[in-house]
Amino acid sequence: MLKELFKYLKKPAIYAQSTSEFWDDEHISKGMLEAHLHPNWEAASRCHDFIDESVAWIAKITPSETNKHLLDLGCGPGLYAERLYKRGYQITGIDFSKRSIEYAKGKANERNYDINYIYKNYLEINYKNEFELVVMIYCDYGALSDNNREALLKKIYDSLKPGGKFIFDVFSLKEFEGKNENNTWYMSEESCFWKPEKHICLESHFIYEGDVRLNQHIIIDKDGKIEIIRNWFKSYTKNTIITEVKRAGFNKIEVYSDVTGKPYTEESKTICIVVEK
Ligand SMILES: C[S@@+](CC[C@H](N)C(=O)[O-])C[C@H]1O[C@@H](n2cnc3c(N)ncnc32)[C@H](O)[C@@H]1O
């Protein structure tokens, strides 16, 4: 076990994978759903007031009358999807958290909302010219490796009708300013975010070239079983994100500070990008 631990405590290669599920883990997804649904927690989703503002802005710049078919990638429990549905969009929501999709489907049934929720990895979508609007909200794009971002951008481009728009956000360099590499740990006697029972958690923050960061959690359960969960974050400047979307073929590009349409400033911790096919 110690040999395994020594191996995992070394800084891993960029975009090394987790050994366990994160979003779709039976236990972690419970805490995650609670975080999504809490109106004031800025965790799995943004605070619900922000989401209301965001949906109002999206509906203003891309009204449902002319942008009917909307694909929500990483829709979670449907916080944006439901609000957008009420504004007249026809929504397909994709997420690979079973718990979130089940919750979203349940709420849609209860409220009689005709929303198409799909439990699926969005890296495997294959739509062709079907949507006027694709959204991917809360900086999920920057969690992907270089190859996956490139492949997904192409798939999103293909899924859009000509003139269709893709709205998404990424972290700016400001989000991580002043945060250095570090290691910390704790022991929990009871259920908490990572495990339903006693465990040890060794946390590391690593920095890589290309404005890439890693939050790594090594979880050791009471029987000594080790699991590694890696969350990657690529942050951007206005120029680096514009270069990346241009490479994928998008040309008309607008940049804001966040997904409520605040004007772009270099002080913002996020960048929202609206691109057109
Ligand atoms: C940060 S949360 C944001 C959820 C939602 N967009 C919101 O803001 O409320 C990211 C979501 O993306 C989902 N997700 C992450 N990677 C995914 C993938 N490869 N395929 C499908 N869903 C994914 C997660 O399950 C999670 O629900």
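One structure accompanies this document, and this report is about it. (Residues numbered from 1 in each chain as written. Predicted model: local features only at pLDDT ≥ 70, side-chain atom pairs only at ≥ 80, totals over all residues. Heavy atoms only, no water.)

**As for the overall build of the protein chain**
Heads up, the rule is: Runs of H or I in DSSP of at least four residues are treated as helices and runs of E of at least two as strands, each being numbered from the N terminus. Note that the radius of gyration is over C-alpha atoms, with the globule rule given as 2.2 Å times the number of residues to the power 0.38. Categorising residues by exposure relies on relative accessible area from a 1.4 Å probe, with only protein chains included: less than 20% of the type maximum marks a residue as buried, more than 50% marks it as exposed, and the intermediate range marks it as partly exposed. Method for areas: the Shrake-Rupley scheme with a 1.4 Å probe, in which residue coverage is limited to the protein chains shown. This count recognises Lys and Arg as positive and Asp and Glu as negative, with His and chain-terminal groups excluded. Every charge is mapped onto a representative atom, which is NZ of Lys, CZ of Arg, CG of Asp or CD of Glu.
Across its full length, the protein chain carries seven helices and eleven strands. Computed over its C-alpha atoms, the radius of gyration of the protein chain comes to 19 Å, within 12% of the 19 Å expected for a compact globule of 277 residues. Burial analysis of the protein chain (277 residues in total) assigns 51% to the buried set. When the accessible surface of the protein chain is summed, it comes to about 13800 Å², and 49% of that surface belongs to carbon and sulfur atoms. The positive charge centre, built from 39 side chains, and the negative charge centre, built from 43, are 3 Å apart in the protein chain.

**Quick notes on the pattern of salt bridges**
Any two side chains of opposite charge can pair, so long as their charged atoms come close to each other. Definition in use: By convention in these notes, a salt bridge is any Lys or Arg side-chain nitrogen within 4 Å of a carboxyl oxygen on Asp or Glu.
Scanning the entire structure with this criterion turns up 21 salt bridges. Glu-26 serves as the salt-bridge partner of Arg-99, at 3.1 Å between the closest nitrogen and oxygen. Here the residue Arg-99 occupies a position in helix 5 (residues 98–111), and Glu-26 occupies one in the loop between helix 1 (2–9) and helix 2 (28–37), the gap between them amounting to 73 residues. Arg-99 gets classed as partly exposed once you look at its relative accessible area, which sits at 23%. Judged by its relative accessible area of 56%, Glu-26 is exposed. Between Asp-223 and Lys-222 there is a salt bridge whose closest N-O contact spans 3.7 Å. Taken as a pair, Asp-223 and Lys-222 share a single burial class, namely exposed. Counted as one network, the salt bridges with shared partners bring together Glu-42, Arg-46 and Asp-169.

**As for the nonpolar core**
As a reminder of what qualifies: The nonpolar core is taken to be a set of buried Ala, Val, Leu, Ile, Met, Phe, Trp, Tyr and Cys residues, with the residues joined through side-chain atoms within 4.5 Å. By the convention used here, residues are in contact when the closest approach between their heavy atoms is within 4.5 Å.
In this structure, Trp-57, Ile-58, Leu-84, Tyr-89, Tyr-117, Ile-167 and Val-259 are the most contacted members of the largest nonpolar core, which totals 28 residues. Listed by contribution, the elements that provide at least two residues to this core are helix 3 (48–61), helix 4 (79–86), helix 5, strand 4 (131–136) and strand 11 (270–276). A total of six residues in this core trace back to one element, the largest contributor, which is helix 3. For Tyr-89, the contacting residues outside a window of four places in its chain are Ile-58, Ala-59, Thr-62, Pro-63, Ser-64, Asn-67, Lys-68, Leu-70, Leu-84 and Leu-133. Of all hydrophobic cores here, the second largest spans 27 residues; its members include Ile-125, Val-134, Met-136 and Ile-271.

**Brief notes about the site of the ligand**
Convention followed: Here a residue counts as near a molecule or strand whenever at least one of its heavy atoms sits within 4 Å of it. Within 3.5 Å is the distance limit for a polar contact, defined as a pair of N or O atoms, with the added protein rule that one can donate a hydrogen and the other accept it, and that residues adjacent in sequence qualify only through two side-chain atoms. Residues are grouped as follows: Ala, Val, Leu, Ile, Met, Phe, Trp, Tyr, Cys and Pro are nonpolar; Asp, Glu, Lys and Arg are charged; all remaining types, including Gly, are polar.
Neighbouring the ligand are 16 residues, the closest being Ser-45, Gly-74, Asp-95, Asn-121 and Tyr-122. At 2.6 Å from an oxygen atom of the ligand is found a side-chain nitrogen or oxygen belonging to Ser-45. Within the contact set of the ligand, an oxygen atom lies 2.9 Å away from a side-chain nitrogen or oxygen of Asp-140. Within the complex, 95% of the 590 Å² of free accessible area of the ligand lies under protein. Residues that form the shell around the ligand fall into these classes: seven nonpolar, six polar and three charged.

**Side note on the packing of aromatic side chains**
This is how the line gets drawn: Aromatic pairs are defined between Phe, Tyr and Trp rings, using the six-membered ring for Trp, whenever the two ring centres lie within 6.5 Å; interplanar angles under 30 degrees are classed as stacked, those over 60 as edge-to-face, and all others as tilted. Here, a charge over a ring is recorded when the distance from Lys NZ or Arg CZ to the ring centre is within 6 Å and its angle to the ring normal is within 35 degrees.
Per the stated rule, a full pass over the model turns up 16 aromatic pairs. Ring geometry for Tyr-15 and Trp-232: centres 5.1 Å apart, planes at 55°, overall tilted. Taken together, the residues span a long stretch of sequence, with Tyr-15 in the loop between helix 1 and helix 2 and Trp-232 in strand 9 (residues 226–236) at a distance of 217 residues. Residue class for Tyr-15 comes out buried when judged on its relative accessible area of 16%. Look at Phe-176 and Phe-233: their rings are 5.7 Å apart centre to centre, the planes differ by 55°, and that puts the pair in the tilted class. Residue Phe-176 is found in the loop between strand 5 (160–172) and strand 6 (182–188), and its partner Phe-233 is found in strand 9; the two are separated by 57 residues along the sequence. Cation over ring: Lys-11 sits above Tyr-208, and NZ or CZ is 4.7 Å from the ring centre. Note that Lys-234 overlies the ring of Tyr-236, its terminal NZ or CZ placed 5.2 Å from the centroid.

**Comments concerning the packing of helix 3 against helix 4**
Basically, it comes down to this: Axis angles are defined between N-to-C directions and span 0 to 180 degrees, where every axis is a line fitted to C-alpha atoms and, for a helix, only to the segment in contact. In these notes the angle categories are as follows: under 35 degrees is roughly parallel, over 145 is roughly antiparallel, 65 to 115 is roughly perpendicular, and the rest is oblique. Note on convention: near helix rotated counterclockwise from far helix by under a right angle means a left-handed crossing. Clockwise means right-handed.
Where helix 3 meets helix 4, the closest approach of the two axes is 10 Å, and the angle between their N-to-C directions is 45°. Taken as axis vectors, helix 3 and helix 4 run oblique relative to one another. The element helix 3 and its partner helix 4 pack so that their crossing is right-handed. For the pair helix 3 and helix 4, contact is made by His-48, Phe-50, Ile-51, Asp-52, Ser-54, Val-55 and Ile-58 and by Leu-79, Tyr-80, Arg-83 and Leu-84, respectively. Its residues assigned to classes, the contact of helix 3 with helix 4 shows seven nonpolar, two polar and two charged.

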